[in-house]
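One-letter residues, chain by chain:
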Amino acid sequence: MNRRQFIKMSQNIAGLTIISSCGAGRKAASDNNVMSSFGLLTDCHFARRKQTGTRYYEQSINKLSDAISVFNKLKPDFVIELGDFKDMGANKSETISFLDEIEAEYQKFNGPVYHVLGNHDVDNISKDDFLKHIDNHGQKTAKPYYSFVNKNIKYIVLDANCNEDGTDFDSGNYDWTKAFIAKPQLEWLTAELKTHLPVIVFLHELLDLTQKHHGVCVGNATEVIDILEYNGNVLAVFQGHHHAGSYYFGNGIHYYTVKGMIEGAMPENNGFALVEIDKALNISIDGYFNEGDMMLKKSGNL
């Protein structure tokens, strides 16, 4: 648990008793100082398969249900998951059934939801397969990378699940430690950043090069960072993939890695956050269970 006091609610979901946490005394999303707010989670890795090490695949749907219950009470503007939404089945059909099941739970949020592609989302299915079985708010057909505006903040979703030659990760035919953002997407990103609005970026693999030794960083991260820094309007990058989480501040941009939801058994283990951006463009991360609290100041954390 994080440092705040909680109102705890017991729920019986799929035969399991889940402990949900609702912040007591936190700033409400309706606070006049809050410019935009969103729910944040990553690395569910949902699958109907046995536990492996610290990964409890089947429990992820209950953890997600718990998070959605909290978000429906807090009413953020939207919820976004940062990739590795599901894990792999014995074949394509079984894998898609896992995706359909976790997506149905995710769509129980009473508001807009968005997805980021992760490497495990294409472990034995294609990007097209994945995108056909999810819904992103406002998109007739889900896209691998895209942008949207909420309350005068621009949100950009990137897809780093490409090989160095620009071809897509596809059905497990890739090396997950060699993830790249392809040139056409970089050109698109450059154009998207030509805006007077402050920007938040979401992706699965990391742009935080302090974590490069873990093999979890985007292969052309330096090139991507140069683009993000050029206009000086990117506030933060939110990432998944590295389940332990991490944080780095560099050249005016916060790089925050969210902890993996899949890690650890219920009911004491879960991880998600409410993120609020105030009118001064400070970012408050209100973490639940294993996810911590943090204030990301516009001028950097001092």
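Things to note about the nonpolar core
Argument step 1. Counting residues in each nonpolar core, the largest one holds 33 residues, and the members touching the most others are L41, L64, F71, F85, Y106, F130 and F272.
Argument step 2. When contributions to this core are tallied by element, the ones reaching two or more residues are α1 (60-74), α2 (92-106), α3 (127-132), β12 (271-278) and β13 (283-289).
Argument step 3. By residue number, the principal contributor to this core is α1, which donates seven residues.
Argument step 4. The residues contacting L41, other than those within four sequence positions of it, are L64, F71, V79, I80, E81, L82, Y106, M261, G271 and F272.
Argument step 5. Of all hydrophobic cores here, the second largest spans 26 residues; its members include L40, Y146, A273 and I285.

What about the pattern of salt bridges?
Argument step 1. On inspection of all chains with the given rule, the structure shows eleven salt bridges.
Argument step 2. In this structure, the salt-bridge partner of K86 is D123, at a minimum N-O distance of 2.7 Å. Taken together, the positions of K86 in the loop between β4 (78-81) and α2 and D123 in the loop between β5 (113-115) and α3 put the pair 37 residues apart, joining distant regions of the chain. The burial state of K86 is the same as that of D123; both residues are buried.
Argument step 3. In this structure, E105 engages K108 in a salt bridge whose closest nitrogen and oxygen atoms are separated by 3.2 Å.

A look at the side chain of D121
Argument step 1. With respect to the helices, strands and loops of the structure, D121 is situated in the loop between β5 and α3.
Argument step 2. For the buried D121, no salt bridge exists, and the shortest N-O distance to an oppositely charged side chain is 5.0 Å, to K86.
Argument step 3. There is a polar contact of 3.5 Å between the side chain of D121 and the backbone nitrogen of K86.
Argument step 4. Here the side chain of D121 touches G118 through a polar contact of 2.8 Å, landing on its backbone nitrogen.
Argument step 5. In contact with D121, other than residues within four places in its own chain, are G83, D84, F85, K86, V116 and F130.

Some words on α1
Residues that lie three or four places apart on an α-helix share one face, since the helix turns once every 3.6 residues.
Argument step 1. The end-to-end C-alpha separation of α1 is 21 Å, in line with the 21 Å expected for 15 residues at 1.5 Å each.
Argument step 2. Phi turns positive one or two residues past the end of α1, at K75, with a value near 60°.

Some remarks on the packing of helix α4 (residues 183-192) against helix α5 (residues 221-230)
Argument step 1. For the pair α4 and α5, the least separation of the axes is 9 Å and the interaxial angle reads 15°. Comparing the axis directions of α4 and α5 gives the class roughly parallel. Between α4 and α5 lies a crossing of right-handed hand. Mapping the contact onto sequence places L186, L189 and T190 in α4 and E223, V224, I227 and L228 in α5.
Argument step 2. Here the residues of the contact of α4 with α5 are counted per class, giving five nonpolar, one polar and one charged.

Parameters and conventions
- Residues numbered from 1 in each chain as written.
- Predicted model: local features only at pLDDT ≥ 70, side-chain atom pairs only at ≥ 80, totals over all residues.
- Heavy atoms only, no water.
- Core = buried A, V, L, I, M, F, W, Y, C linked by side-chain atoms within 4.5 Å.
- Buried < 20%, exposed > 50% of the residue type's maximum accessible area, 1.4 Å probe, protein only.
- Helix = DSSP H or I, 4+ residues; strand = E, 2+ residues; numbered from the N terminus.
- Contact = heavy atoms within 4.5 Å.
- Salt bridge = Lys/Arg side-chain N within 4 Å of Asp/Glu carboxyl O.
- Lys, Arg positive; Asp, Glu negative; His and termini not counted.
- Polar contact = N/O pair within 3.5 Å; in protein donor to acceptor, adjacent residues only side chain to side chain.
- Expected span 1.5 Å × (residues − 1).
- Axes fitted to C-alpha atoms, helices over the stretch in contact; angles between N-to-C directions.
- Parallel < 35°, antiparallel > 145°, perpendicular 65-115°, else oblique.
- Left-handed = near helix turned anticlockwise from the far one by under 90°.
- Nonpolar A, V, L, I, M, F, W, Y, C, P; charged D, E, K, R; others polar.

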